[in-house]
Amino acid sequence: MAGIDSESELLSQAREVMDRAYAPYSGFRVGAALEAADGRVFLGCNVENASYPVGTCAERVALGHAVASGARAFRRVAVASSGDRPASPCGMCRQALSEFGVDLEILSVAAGGEVRRWSLADLLPADFRLDEADPAGVARRGG
Ligand code: THU
């Protein structure tokens, strides 16, 4: 996938993949566009299931795409949702993203176009790590 520069392009990729969300149970559609340090962008949408807890969030679908493609360092993630307010990533997604570093900008756009920004470090100030002495984590060293 080609790299992109602007914030609005990343947000529109998130909006585009949101339209492919499978959310028949909640009706809440989410798309995520995760930008890697090398400029590649990986997309995800929420995928719900009749067995509700089996459903997956957009952010973790995007992260899975990225890691399976060899990306482990990320700059930004844009989230688009069908909600009235910009959605912040849920706790599970914050922890999942933090595995690869909390120096990640999060942009979120609501259905009406309102945009909010956070850093992952602010949203998850004490992420869980197996090795507290190595805050960079084993994941980025090839574990
Ligand atoms: N959802 C996401 O995809 N990302 C989040 O960060 C929060 C919630 C999804 C899960 C479920 O399919 C729907 O939104 C309603 O919770």
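Structure: see above.
Note that the structure is predicted; figures quoted are calculated from it, not measured.

Draft legend 1. The arrangement of helix H1 (residues 7-18) in detail. For H1, built from 12 residues, the straight-helix expectation of 16 Å at 1.5 Å per residue is met to within 8% by its first-to-last C-alpha distance of 17 Å. Along H1, the positions that sit buried rather than exposed are Leu-10, Leu-11, Gln-13, Ala-14, Val-17 and Met-18. For H1, the angular spread of the buried residues around the axis is 155°, confining them to a single face. Those residues of H1 that are exposed and angled more than 90 degrees off the buried face are Ser-8 and Glu-16. Buried-residue contacts for H1 involve strand E1 (30-36), strand E2 (41-45), strand E3 (74-81), strand E4 (105-109) and strand E5 (115-119).

Draft legend 2. Region of the structure containing the site of the ligand. Surveying the vicinity of the ligand reveals the residues Ser-26, Phe-28, Val-30, Asn-46, Glu-48, Cys-57, Ala-58, Glu-59, Ser-88, Pro-89 and Cys-90. Separating an oxygen atom of the ligand from a side-chain N or O atom of Glu-59 is a distance of 2.8 Å. One of the backbone N or O atoms of Cys-90 is found 3.0 Å from an oxygen atom in the ligand. Within the complex, the protein chains bury 75% of what would otherwise be the 370 Å² of accessible surface of the ligand. Put simply, the ligand lies in the largest pocket. Looking at the shell around the ligand, its residues break down into 6 nonpolar, 3 polar and 2 charged.

Draft legend 3. Structural context of the packing of helix H2 (residues 58-68) against helix H3 (residues 91-98). In contact at an axis separation of 9 Å, H2 and H3 are set at 20° when each is read in the N-to-C sense. One element, H2, and the other, H3, form an angle in the roughly parallel class. Like other packed secondary-structure pairs, H2 and H3 cross with a definite hand, here left-handed. Here Glu-59, Arg-60 and Leu-63 of H2 come into contact with H3, specifically with Met-92, Cys-93, Ala-96 and Leu-97. Per-class residue counts for the contact of H2 with H3 are 5 nonpolar, no polar and 2 charged.

The rules behind each value
Residues numbered from 1 in each chain as written. Predicted model: local features only at pLDDT ≥ 70, side-chain atom pairs only at ≥ 80, totals over all residues. Heavy atoms only, no water. Helix = DSSP H or I, 4+ residues; strand = E, 2+ residues; numbered from the N terminus. Expected span 1.5 Å × (residues − 1). Buried < 20%, exposed > 50% of the residue type's maximum accessible area, 1.4 Å probe, protein only. Arc of directions from axis to C-beta. Contact = heavy atoms within 4.5 Å. Near = heavy atom within 4 Å. Polar contact = N/O pair within 3.5 Å; in protein donor to acceptor, adjacent residues only side chain to side chain. Areas by Shrake-Rupley, 256 points an atom, 1.4 Å probe, with all protein chains shown as cover. 1 Å grid on protein atoms, 1.4 Å probe; cavity = no way out; pocket = protein on both sides within 12 Å on 5 of 7 lines; lining within 4 Å. Sits in = over half its atoms within 2 Å of the grid points. Nonpolar A, V, L, I, M, F, W, Y, C, P; charged D, E, K, R; others polar. Axes fitted to C-alpha atoms, helices over the stretch in contact; angles between N-to-C directions. Parallel < 35°, antiparallel > 145°, perpendicular 65-115°, else oblique. Left-handed = near helix turned anticlockwise from the far one by under 90°.

Purely geometric stuff here, so don't read any function into it on its own.
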